[in-house]
Each structure stands twice: as C-alpha cells, then as structure tokens.
Amino acid sequence: MTTDCSSSTTEDRRPARSRRWSWPAVVMAALVAAVADAAFAYVAYVLIAGRFNFETLLQYIASGVLGDAAFATGWVGIGTATLGFAIHAALAVVYTAFYAVVISPRVHTLATASVLGVAYGAGIWVFMNAVVLPLGRAAREPFLSGYYLAFWVDHALLLGLPIALILYASATRRTGD
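Residues numbered from 1 in each chain as written. Predicted model: local features only at pLDDT ≥ 70, side-chain atom pairs only at ≥ 80, totals over all residues. Heavy atoms only, no water.

Caption draft 1: Spotlight on the nonpolar core. The biggest cluster of nonpolar side chains holds 19 residues, and the ones touching the most others in it are Tyr99, Val107, Tyr120, Ile124, Ile163 and Leu167. Secondary structure elements with two or more residues in this core: helix 1 (23–48), helix 3 (74–103), helix 4 (110–135) and helix 5 (148–175). When residues no more than four places from it in sequence are discounted, the contact partners of Tyr120 are Tyr95, Phe98, Tyr99 and Ile103. In this structure, Tyr45, Leu57, Tyr148 and Phe151 belong to the second largest nonpolar core, which totals nine residues. (Core = buried A, V, L, I, M, F, W, Y, C linked by side-chain atoms within 4.5 Å. Buried < 20%, exposed > 50% of the residue type's maximum accessible area, 1.4 Å probe, protein only. Helix = DSSP H or I, 4+ residues; strand = E, 2+ residues; numbered from the N terminus. Contact = heavy atoms within 4.5 Å.)

Caption draft 2: Focus on the side chain of Thr80. Structurally, Thr80 can be placed in helix 3. Among the residues examined, Thr80 registers a relative accessible area of 7% and is labelled buried. Among the polar contacts made by the side chain of Thr80, one reaches the main-chain carbonyl oxygen of Ala70 at a distance of 2.7 Å. Once you skip the residues sitting within four places of it in the chain, Thr80 turns out to touch Leu58, Gln59, Ala62, Leu66, Ala69 and Ala70. (Polar contact = N/O pair within 3.5 Å; in protein donor to acceptor, adjacent residues only side chain to side chain.)

Caption draft 3: Inspection of the packing of helix 1 against helix 3 at higher detail. Helix 3 packs onto helix 1 with a crossing angle of 130° between their chain directions and a minimal axis gap of 8 Å. Relative to helix 3, the element helix 1 lies oblique. Every pair of crossing elements has a handedness; the one defined by helix 1 and helix 3 is right-handed. In this structure, helix 1 contributes Val26, Ala29, Ala30, Ala34, Asp37 and Ala38 to the contact, and helix 3 contributes His88, Ala92, Val93, Thr96, Ala97 and Ala100. For the contact of helix 1 with helix 3, the residue count by class is nine nonpolar, two polar and one charged. (Axes fitted to C-alpha atoms, helices over the stretch in contact; angles between N-to-C directions. Parallel < 35°, antiparallel > 145°, perpendicular 65-115°, else oblique. Left-handed = near helix turned anticlockwise from the far one by under 90°. Nonpolar A, V, L, I, M, F, W, Y, C, P; charged D, E, K, R; others polar.)

Shown next as structure tokens:
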C-alpha cells in the first residue's frame, strides 16, 4: 500500500518568493504614510494646539539633528524646514521598507495585514518616543503626556495600516492570491 504525501492543496503551496512586494508599492506606501502622518500632525499641532506653524512643525523634526539651530528664520529657516520634511519622508521609507522585507512575506490574508499594520504603526510610535527622540537633540515632552495617545492612534491607523494594506495589495497582485 502506497501513501501519497502530496495531498496538500494548492492553497498550502504558496510560491516561495524572496520578495512579494514591489518597489513602486513601497514608495507609494511610504508616501501615503508620510503625508497622512504629516497631515495629522498639522491638524493637531498647528490648527488645534496652535503650538507651531507649518514651517516650525517641519523645523521641529529637523531639530532632532540640529537642535535649537533648526528654528532659524528666513532662507535658513526654510532650509531647515526642508530638512525636516526630508527626515520625515526618509523615516517613512525606512519603516515601509522594513515592513516590506521583514513582515510582509509572512502576511497572507487581509485580516492579518490589517491587524499587523495597526500593531506595527503603534509600535513605530513607541519606538520613536522611547528610542529615536531621546537620541536626538529635539526638545521633548514627557513620554506619556500631551498628545501621546492621539499620535499613537495616528501612527497605528495612518502610518502602519496604510503601509500594510498597500504592500498586501501589491503582494496579492504579484502572486495572484
């Protein structure tokens, strides 16, 4: 009597690919995440709290590298605001690429992508506040004060979730899942 051990379904045999996502999807996900997060920060810090204007909001990001010198005025201030925008965009690309390389290959359902995306975005906010910001030269608020919860939810829903969903959609188009 012979036993056929190859009776697994085609669904169990996913193509072994080192990369299920595409670079255009990584760029799109990073762009969506960066713009959504920046829009939330603009509404929270500029329109609601009145703590910054758009230029000083971007300069605050640059102050992580430059310290108080980032808050210059005139053309230098525009330059430091541009640096802040570049840092913000670069972080979005790094976080998106990390998700694409490390997490995305393990995601095979929309539900998993959604849950992991929300958790990933929330984790990014905790990592930024616990590790990245303390290493920088920017003025900081206490860890759990002010807008902490609002930005934690922002990062979960407007950063992690779009990254996960855009890369999931890219992967399913590429593999035909």
